[in-house]
Every structure is written in structure tokens, then in C-alpha cells.
Amino acid sequence: MTAQLVPAEILKKTDKILFIAHLALGDFTYLQNCFQAFAQAYPHIKIHIWVDEVRRTKNTAAWPFLKKYALYDWLAECPFVAKIYRQTYSPALFEESIVEAQKQQYPLVVSLSTLRPPMYATLARQISPQGFVAGMKKPAGILALHKRLAYRKLDAAFDPDRVAQRGVHISEVYAAWFHRLFGMDNAASSRQPFVRIPEQWSRYAQEQLKLWGFERDRRQSANPAKLVFINPYAKTRKRCWPLERVVELVAAIRAQDSWKDTRFIVNVVPEEMAQARTFFDGHAVERLQLFSAQENFFQLPAMLRECDLIISVETAVMHLANAVQVPVIALMRQKNPEWAPIDKENSIVITTANRRDWVKAITVAQVIAVLNQK
């Protein structure tokens with residue numbers, strides 16, 4: 001049996017740990033189970049998380065969106081996270097954050113960064129010159145001297161691509177990381193996504209629906225109008241669905257007898273809201289509202305929880321659908337099946353026909369076909 005990388009004696013005497021990761025919302029949806037399990041296994045260790053912004057830039061115009069990254073709101077509400085480094089989106093703030101972290105004198109730093117692992121090995125050691133540092137280590141060619149030198153700064157390392165079997169769900173991959181690092185066993189039954197929505201944001205969602213005229217009292221109607229949430233946006237164009245397809249889908253759903261009175265909420269990323277409003281104003285679709293979680297992350301799961309069905313491209317929304325236990329139709333490429341929603345009973349996945357296809361290759365007819373199976 002392979003020994004855990006972080007020695008038990010280190011964990012016994014450590015009072016705080018810094019995890020370094022380039023977290024997206026989808027990553028944290030599943031990694032949070034591992035962080036929570038770590039906190040339960042080692043209640044004497046405070047968890048600090050460095051969220052490294054891979055989009056770090058000198059472009060000041062990009063900073064407002066990076067500064068309001070929704071994950072920070074979620075992390076701030078996690079009872080098992082004691083400190084967050086959230087200002088790493090500009091070169092100057094990145095350097096300031098390093099100085100701030102160095103003052104903590106971390107006895108234990110772990111990098112969970114799979115992108116550019118040599119850079120993060122160096123960062124981990126820079127933050128903790130005297131502590132125990134563990135991280136990712138991918139094979140480096142004979143000529144990649146700089147990578148091999150960076151990996152020497154780690155006290156312990158593992159290849160993230162070899163710690164779990166190929167083809168398993170991402171939650172199992174993350175569980176395997178924590179088993180390799182700390183000897184922790186994270187059972188499959190404990191990997192279901194979850195989100196604890198503060199009451200104020202639950203009230204917000206209900207009030208917003210009332211303002212739109214979308215509120216429903218299911219006690220007063222045997223067949224209340226359904227509410228469907230559509231998310232066509234992702235970080236890359238390869239995973240987005242055209243807005244024209246959204247309009248076509250709305251019409252096709254309403255053409256079904258049991259869905260004719262359906263109300264729709266279309267999710268829009270904040271930086272695309274102006275363009276989306278112009279588009280939908282030109283199409284005059286009734287009983288459809290645009291939505292964006294511009295104030296706080298929890299606006300999103302709170303709104304999702306109020307819906308009857310979620311239709312989303314492959315991004316965090318489809319994982320949050322599982323977290324709030326609302327049925328989801330996920331539109332995915334063939335490229336990353338390990339990122340399919342984990343709750344198979346409440347999820348239907350439509351994949352593109354060919355591996356190279358973008359999500360936009362999925363048709364409205366395909367969505368309607370699975371909708372009629374529900």
C-alpha cells in the first residue's frame with residue numbers, strides 16, 4: 001500500500017494549511033467535499049485557500065470582473081475555510097498576496113494546481129521557505145531543466161494524471177488526490193455536490209420571481225406553469241450555445257402540450273448582459289427574463305432551486321443543478337466525460353456526435369427528444 005505523501009507527524013503538529021489552486025466554480029463544487037472531509041479529519045488545522053487567477057492580467061479593464069469572481073462569495077460562507085487569498089488577478093496584487101502569505105509562516109503548503117505545476121511548485125516554496133511543501137508533478141523531458149529544478153522545491157509530489165483510473169468522474173479524481181496526500185478515504189456516497197444558500201438569497205430569488213410575475217403557489221393549482229432555467233454561456237466559445245438556439249428552444253418547448261405555459265429564465269454572464277438584452281429585445285419572446293448573479297454568487301443557486309428544470313451547457317450551472325437537486329439536461333462535448341453531472345437519476349446528458357464538435361452542434365430537436373422522455 002502506498003504511503004501518504006504528507007507524513008502523519010506533520011499533520012499532527014500543524015495548526016494551519018495553505019491550499020493553492022486555480023479554482024473554477026465547477027472545481028470547487030466537487031473539491032469542497034474533500035476540504036470539508038479534511039476539516040473533519042483534522043479539526044485542529046485551519047484551512048486557508050489561495051485562489052490563483054489564471055487570467056491574471058495587466059489590463060485594468062478586466063479587473064472589475066475578476067475582482068468580483070463569484071467563487072469568493074461561496075468560499076466566504078464555507079465554515080471549514082478560515083482564510084481566502086482572493087486578490088491575485090493583477091501582477092501587483094499577486095506580489096502583495098505573496099508577502100501577506102509569507103507572514104503566516106505556513107508549516108504546510110499543498111498545491112492542487114494541475115496547470116503549470118512547476119510554476120506553482122515554485123510559488124508554494126516561495127510562500128513557505130521552511131515548511132513542508134507538496135504539490136503536483138508532471139513528467140518533464142530531459143531538456144526541461146527548469147521544470148525539474150522547480151519540482152526539487154517540493155518535499156512530496158504526485159502526478160495528478162496517474163493517481164486515479166482514467167475515465168472516472170472528477171469527484172473520484174479529487175478524492176484520490178486527498179487519499180494520496182493525506183491517506184483520507186472519501187466514500188462515493190459523500191461526493192454529492194452541496195450548497196448552503198443563506199436565507200437572504202433565498203428570499204431574493206422568491207422576490208425576483210414575484211417582480212417578474214413568475215411566482216407560483218403550487219398549493220393553489222393542480223398544474224402550475226413550469227419554470228425552466230436555460231444557461232447557454234461558458235468561459236470558452238467551444239462550450240457555448242448560440243442565443244438563436246435559445247429562442248428556437250423556447251418556442252419548441254412551448255409547442256409541447258404539457259409545457260405550453262412555461263416561463264423561462266435565461267442565464268447571462270455579467271459582461272455579456274448588454275449584448276444579450278439587445279438580442280432578446282429584437283426577438284420579443286414573451287414570459288422570458290434574463291438573469292445574472294451580479295451581486296453575489298448565491299443569487300445563482302437560489303434561483304436555480306426555484307426552477308422545475310435546468311438546461312445548461314457544460315459549465316458550473318449543470319453541477320449546481322445537482323447541488324440544489326433540480327433535474328438538469330446537460331449539453332456537453334465528448335472531450336471531458338469525467339465532468340458530467342454526478343447525479344445520474346436527476347441528470348440527462350446530451351453529447352455531441354463527434355469528438356471535435358463544439359456544443360453548438362447539439363440541436364434543439366435533440367433537447368426536445370429527451371424532454372419528451374421525462
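Predicted model only: the values in this text are computed from it and were never measured.

Caption draft 1: Spatial organisation of the overall build of the chain. Helix and strand counts for the chain stand at 14 helices and 12 strands. Taking 21 Å as the expected radius of gyration for a compact globule of 374 residues, we find that the chain reaches 22 Å, a close match to that expectation. In terms of principal-axis extent, the alpha carbons of the chain reach across some 65 × 40 × 40 Å. The buried share among the 374 residues of the chain stands at 54%. Carbon and sulfur atoms make up 49% of the accessible area of the chain, which amounts to about 18,400 Å² in all. With 49 positive and 35 negative side-chain charges, the chain shows a spacing of 6 Å between the two charge centroids.

Caption draft 2: Spotlight on the packing of aromatic side chains. Enumeration over the complete set of coordinates arrives at 23 aromatic pairs. Ring geometry for Trp 74 and Phe 297: centres 4.8 Å apart, planes at 10°, overall stacked. On the criterion of sequence distance, the pair formed by Trp 74 in helix α4 (residues 71–76) and Phe 297 in the loop between β9 (288–291) and α12 (299–305) is long-range, its members being 223 residues apart. The pair Trp 74 / Phe 297 is uniform in exposure class, with both members buried. Site record: aromatic cluster; members linked through ring pairs are Phe 19, Phe 28, Phe 35, Phe 38, Tyr 42, Trp 74, Phe 178, Phe 182, Phe 297 and Phe 298. Here Lys 16 stacks its cationic end above the ring of Tyr 106, 5.5 Å away from the centre of that ring. When the ring centre of Trp 259 is taken as reference, the NZ or CZ atom of Lys 226 above it lies at 4.9 Å.

Caption draft 3: Focus on the environment of Ala 234. Positionally, Ala 234 belongs in the loop between β7 (227–231) and α10 (243–254). In the structure, Ala 234 is positioned 96 residues away from Lys 138 in sequence and 28 Å away in space, judged by C-alpha atoms. Residues within four places of Ala 234 in sequence aside, it is in contact with Arg 239, Cys 240, Val 313, Glu 314 and Thr 315.

Caption draft 4: Representation of the sheet that holds strand β8 (residues 263–267). Here we have 6 strands laid out as an open sheet, ordered β9-β8-β7-β10-β11-β12, and parallel in their pairing. Only two strands of the sheet have a single partner each, and these edge strands are β9 and β12 (347–351). Each neighbouring strand pair of the sheet contributes to a mean axis angle of 15°, computed without reference to strand direction. Both strand β10 (residues 309–313) and strand β11 (residues 328–332) contribute to a ladder of 4 bridges, which runs parallel.

Caption draft 5: Just the nonpolar core, in detail. Among the nonpolar cores identified, the biggest contains 83 residues, and Leu 112, Phe 178 and Phe 182 are the most heavily contacted of them. In terms of residues, this core owes the most to one element, helix α2 (residues 25–41), which gives 9 residues. Leaving out residues up to four positions away in the same chain, Phe 178 has contacts with Phe 19, Leu 31, Cys 34, Phe 35, Phe 38, Leu 112, Gly 183 and Met 184. Ile 253, Trp 259, Met 273 and Phe 280 belong to the second-largest nonpolar core, a separate cluster that totals 36 residues.

Definitions and cut-offs
- Residues numbered from 1 in each chain as written.
- Predicted model: local features only at pLDDT ≥ 70, side-chain atom pairs only at ≥ 80, totals over all residues.
- Heavy atoms only, no water.
- Helix = DSSP H or I, 4+ residues; strand = E, 2+ residues; numbered from the N terminus.
- Rg over C-alpha atoms; globule rule 2.2 N^0.38 Å.
- Buried < 20%, exposed > 50% of the residue type's maximum accessible area, 1.4 Å probe, protein only.
- Areas by Shrake-Rupley, 256 points an atom, 1.4 Å probe, with all protein chains shown as cover.
- Lys, Arg positive; Asp, Glu negative; His and termini not counted.
- Charge placed at Lys NZ, Arg CZ, Asp CG, Glu CD.
- Phe/Tyr/Trp six-rings, centres within 6.5 Å; stacked < 30°, edge-to-face > 60°.
- Lys NZ or Arg CZ within 6 Å of the ring centre and 35° of its normal.
- Contact = heavy atoms within 4.5 Å.
- Pairing = 2+ DSSP bridges.
- Axes fitted to C-alpha atoms, helices over the stretch in contact; angles between N-to-C directions.
- Core = buried A, V, L, I, M, F, W, Y, C linked by side-chain atoms within 4.5 Å.

Keep in mind these numbers describe shape, not what the thing actually does.
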